[in-house]
Amino acid sequence: MAVSLYTHTDMFDHRPGSGHVERPERLRAVLDALADASDLDLEGRDAPLVDEADLRVVHNPDYIEAVFGAAPSEGLLMLDADTFMSPGSLTAARRAAGAVVQAVRDVAAGQMDRAFCAVRPPGHHAEPNIPMGFCIFSNVAIAARAAQAAGLRRVAVVDFDVHHGNGTQAALGGREGLFFASVQQWPMWPGTGHPDEPVPANIVNAVSPPNAPREVWRRAFSGLIDQVDAFKPDLILVSAGFDAHVRDPVGDASQNLEAEDFAWATRSIAEVARVRSKGRIVSSLEGGYGLEALGRSALAHVRALAEP
């Protein structure tokens, strides 16, 4: 199975400050791991700048105007306690969203069936009116709406990350033809995503407790995938966060996952895609902050995407 790789060097220029865990080296760790894998033959594609019209499908126009207007020409701008903009951040954020949007359009056009978007800043915490948790634009939610506009009417988003994808949930909840399935640790910031939380019918959340054996996480994930299968999507989008890895500094080693667990999860998604969506999967990088663990996990994920 051929996999296209969407990325851009502009995303290295998002520099949220010395000591910030969402640093340019994250992207380098992923790209180097993929480049060093002699068994992978990825087609590289440049991530374009997302159009403002695509942003407006998810984000409030006032929010978009505020972000564009606030982009600094020097120094750092704090958007929230964890989220900062440097002079290169707006372009990087537009490339990150643009990567996933272009990937789904290329898949809809039949150019390929699978893609991995190596992007930063991540997106799944950004809500329609709020930057949050290192995220500026809701990359995958924007792409889900673009996929529908391109003719893939039923789109499922599968989010695995130690943190809940609150922004994607806020953007997609209650929208016809969209389905959001997310697994995360509980309790954990941002405090959303528990299965008892009232949500629209197209939202399903699963949780794994701190320090649980990896088998507990796998069972939670399997329950989500069963519901994705029942949704019968035309395309599956993946918010691929690797901070549940046992050696991730932000996840606090609390989920005990290894790279092979992310490969297993990816194969589970691919099984549904083969039956329901003609194999079509577009994945986008979210969390993962220990460089070695991130590189190994992203490589395992993309290798599994490439399996026939």
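What counts, and at which threshold
Residue numbers here run from 1 along each chain, matching the order of that chain's written sequence. For a predicted model such as this one, the threshold for reporting local features is a pLDDT of at least 70, and the threshold for listing and counting side-chain atom pairs is 80 or more; totals across whole chains, interfaces and linings nevertheless cover every residue. Hydrogens are left out, water is left out, and the side-chain values use all remaining heavy atoms of the structure. Throughout this description, the term salt bridge denotes a Lys or Arg side-chain nitrogen within 4 Å of a carboxyl oxygen of Asp or Glu. Counting from the N terminus, the helices are DSSP H or I runs at least four residues long and the strands are E runs at least two residues long. Partly exposed residues are those whose accessible area sits between 20% and 50% of the maximum for their type, while under 20% is buried and over 50% is exposed, using a 1.4 Å probe and protein chains only. Only rings of Phe, Tyr and Trp enter the pairing, Trp through its six-membered ring, and a pair is recorded when the two centres are within 6.5 Å. The plane angle decides the type: under 30 degrees is stacked, over 60 is edge-to-face, the rest tilted. Note on contacts: a residue pair qualifies if any of its non-hydrogen atoms lie within 4.5 Å across the two residues.

Engineer: Kindly report on the pattern of salt bridges, identifying the contributing residues and their values.
Structural biologist: Within the structure shown, the criterion is met by 15 salt bridges. Between Arg45 and Asp106 there is a salt bridge, with the nearest N and O atoms lying 3.1 Å from each other. Here Asp106 lies in helix H4 (residues 89–108) and Arg45 lies in strand E2 (residues 43–46), a separation of 61 residues in the sequence. The class of Asp106 is buried, set by a relative accessible area of 7%.

Engineer: Please provide a residue-by-residue account of the packing of aromatic side chains, values included.
Structural biologist: In this structure the tally under the stated criterion is 11 aromatic pairs. An angle of 20° between the planes, with centres 5.2 Å apart, marks the rings of Phe179 and Phe231 as stacked. With Phe179 in strand E7 (residues 178–185) and Phe231 in helix H7 (residues 214–231), this residue pair connects regions lying 52 residues apart in the sequence. Each member of the pair Phe179 and Phe231 is classed as buried. Residues Trp217 and Phe221 carry aromatic rings whose centres are separated by 5.4 Å and whose planes lie at 10° to one another, so their mutual orientation is stacked. Within this pair, Trp217 and its partner Phe221 are both found in helix H7, separated by 4 residues, close to a single helical turn. Look at Trp217 and you get buried, because its relative accessible area is 2%. Assessed through its relative accessible area of 0%, Phe221 is described here as buried. Site record: aromatic cluster; members linked through ring pairs are Phe160, Trp217, Phe221, Phe242, Phe262 and Trp264.

Engineer: I'd love a proper account of the environment of Asp159, names of residues and values included.
Structural biologist: Relative to the assigned elements, Asp159 resides in strand E6 (residues 155–160). Through-space distance from the C-alpha of Asp159 to that of Ala206 is 10 Å; in sequence the pair is 47 residues apart. Contact partners of Asp159, with chain neighbours within four places excluded, come to His124, Gly165, Phe180, Ala181, Ser182, Val183 and Ser239.

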